[in-house]
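# Chain and residue survey
Single-letter residue listing:
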Amino acid sequence: MSFVYYLYAVLNPSDSNYYYQKVITYFRGPNWSDFYGTSTTFIEWTGYPFINYLGFSYEAIMALFAFFGWIGFIYFYKFFREQISFRNEIFGYDLLVLVFLLPNLHFWSGSFGKGSFIFLGIGLMFYGLGNIKSRMLYIVLGGALTYHIRPHIMLVVLISAIIGFTFSNKGVGLGLKILMIAIAVAAFAFIYQDVLSMVGIEQGEELTQGLDLTHRATELQKATSGVDITNYSLPLQVFTFLFRPLFFDAPGMLGLIVSFENVFLLYIAVIFLTQGGLTFLIKGDFLVKTAFLSFITVSIALAQISGNLGIAIRQKSQVMMLFLFVIIKLMDEKKMKDYKRRYANWKRKQLITQQQEALQQ
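What comes next is a walk through the structure. (Residues numbered from 1 in each chain as written. Predicted model: local features only at pLDDT ≥ 70, side-chain atom pairs only at ≥ 80, totals over all residues. Heavy atoms only, no water.)

### A closer look at helix α7 (residues 114-129)
When the terminal C-alpha atoms of α7 are compared, their 23 Å separation across 16 residues agrees well with the 22 Å that a helix rising 1.5 Å per residue should span. Of all 16 residues in α7, 15 are buried; the element is thus mostly enclosed. (Helix = DSSP H or I, 4+ residues; strand = E, 2+ residues; numbered from the N terminus. Expected span 1.5 Å × (residues − 1). Buried < 20%, exposed > 50% of the residue type's maximum accessible area, 1.4 Å probe, protein only.)

### Focus: helix α8 (residues 136-149)
A rise of 1.5 Å per residue sets the reference length of α8, with its 14 residues, at 20 Å; its end C-alpha atoms lie 20 Å apart and thus fit the reference within 8%. Restricting attention to buried positions, one finds in α8 the residues I139, G142, G143, L145, T146, Y147, H148 and I149.

### Looking at the packing of helix α13 (residues 234-243) against helix α14 (residues 252-274)
Between α13 and α14, whose axes approach to 9 Å, the crossing angle comes to 120 degrees. Comparing the axis directions of α13 and α14 gives the class oblique. For the pair α13 and α14, contact is made by F239, L242 and F243 and by N262, L265, L266 and A269, respectively. A breakdown of the residues in the contact of α13 with α14 according to their chemical character gives 6 nonpolar, 1 polar and no charged. (Axes fitted to C-alpha atoms, helices over the stretch in contact; angles between N-to-C directions. Parallel < 35°, antiparallel > 145°, perpendicular 65-115°, else oblique. Contact = heavy atoms within 4.5 Å. Nonpolar A, V, L, I, M, F, W, Y, C, P; charged D, E, K, R; others polar.)

### So, the nonpolar core
With 90 residues, the main nonpolar core has F80, F112, F117, M321 and V326 as its most contacted residues. Not counting residues up to four positions away in its chain, the partners in contact with F80 are L96, F100, M321, L324, F325 and I328. (Core = buried A, V, L, I, M, F, W, Y, C linked by side-chain atoms within 4.5 Å.)

### What about the packing of aromatic side chains?
In the structure shown here, the tally under the stated rule is 45 aromatic pairs. With 5.8 Å between their ring centres and 75 degrees between their planes, Y5 and W108 make a pair best called edge-to-face. On the criterion of sequence distance, the pair formed by Y5 in helix α1 (residues 2-11) and W108 in helix α6 (residues 103-108) is long-range, its members being 103 residues apart. Classification of W108 as buried rests on a relative accessible area of 9%. An angle of 50 degrees between the planes, with centres 5.4 Å apart, marks the rings of F50 and F56 as tilted. Given the relative accessible area of 23%, F50 is considered partly exposed. (Phe/Tyr/Trp six-rings, centres within 6.5 Å; stacked < 30°, edge-to-face > 60°.)

### Considering unusual backbone geometry
Even without a glycine there, the phi angle at S39 is positive, about 65 degrees. In this fold, S39 is placed in the loop between α2 (15-24) and α3 (40-53). What makes S39 buried here is its relative accessible area of 15%. Residue F91 is not a glycine yet carries a positive backbone phi of 60 degrees. Among the secondary structure elements, F91 is positioned in the loop between β1 (89-90) and β2 (93-94). Given the relative accessible area of 57%, F91 is considered exposed.

### A short note on the environment of F325
With respect to the helices and strands, F325 occurs in helix α18 (residues 320-360). Along the backbone, F325 and I84 are 241 residues apart, and their C-alpha atoms lie at a distance of 9.0 Å. Filtering out sequence-adjacent residues up to four positions away, F325 remains in contact with F79, F80, Q83, L287, V288 and A291.

### Structural notes on the pattern of salt bridges
Charged atoms that come close allow side chains of opposite charge to pair. Summed over all chains, the structure comprises 8 salt bridges. Where R28 meets E44, a salt bridge forms, and the shortest distance between an N and an O atom there is 2.4 Å. Of this pair, R28 sits in the loop between α2 and α3 while E44 sits in helix α3; the two residues are 16 residues apart in sequence, bridging distant segments of the chain. When its relative accessible area of 30% is taken as the criterion, R28 is described as partly exposed. Overall, E44 belongs to the buried group, its relative accessible area being 0%. (Salt bridge = Lys/Arg side-chain N within 4 Å of Asp/Glu carboxyl O.)

### Let's talk about a nonpolar patch on the surface
On the surface, F247, M253, L256, I257, F260 and V263 cluster together into a nonpolar patch covering about 590 Å² of accessible area. With respect to the element layout, F247 can be found in the loop between α13 and α14. By relative accessible area, which is 38% here, F247 ends up partly exposed. (Patch = residues over 30% accessible without salt bridge, like charges linked within 9 Å, V, L, I, M, F, W, Y side chains within 5 Å. Areas by Shrake-Rupley, 256 points an atom, 1.4 Å probe, with all protein chains shown as cover.)

Here's what the structure looks like:
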């Protein structure tokens, strides 16, 4: 999929080529430190030593960042495997395997750009959250990457983690809960101003202005592909962001390919809702709550600023894995309950058999 993206970038305007040209022409200054910052500048700063010191070509830097995105898949996979106990099938195939073969996720995380790093950062964070006591380094590293790419997404994950820890007792001790909330609050204070700056709000005006995302939506409307979604209602914007295009409104060949994936995502989302998904979100552990709150909050925000359908296709790959985790976890919990019920019945039958044998003797 990284090679497919490369071919796509050769034939279409591409951010990755734009980043490479800025680094190789010393667009921000002659020194490596001139490129340091958050968002786009961090991508350029990361690529600078490889391009200007080691002589990486455009193809080489694309391959390097595809490798970073692949590492993100590895840690997401490790996180899923630790939390999922059973084989959960759909159409006769293991749903977990199908999830990790979805092409859109690989396509947008396999190039010189923000997609590979944000995917890696979130993957590292949630892998760390799976075993906080021994993986704090993964949480810090993943959080640092996420912050440098998209501070507002880091803010959402922090708030979601605070809520998840606060309202979950399953698998979370009081001491660990207090520690993680304290760390999240400290990190929140550190990145707070960066988030406000990114959305164009001066400190002290948050309550009167709210998070005004209109200027970001206007900027992203300039993209050349897709259907304008800025005039949709919020529910329709979120639905469009998550599950469109659906063949009839596909923007080009890429949109047609993504439509197959969206039909699949919509199908398993319906399964989630019809099998008690909303109740599960209330009763689930802190990982379920944190993953879903991060997913839905980021989705609502990005749905408002995506501008058009073409941008939405790319943006949703950042958080879709979190929703897919929640869906598979629901199926797994149902299988676990069924397993425990059948095991209890088996033990009861064993006990009755032993008692009958004892009476016969």
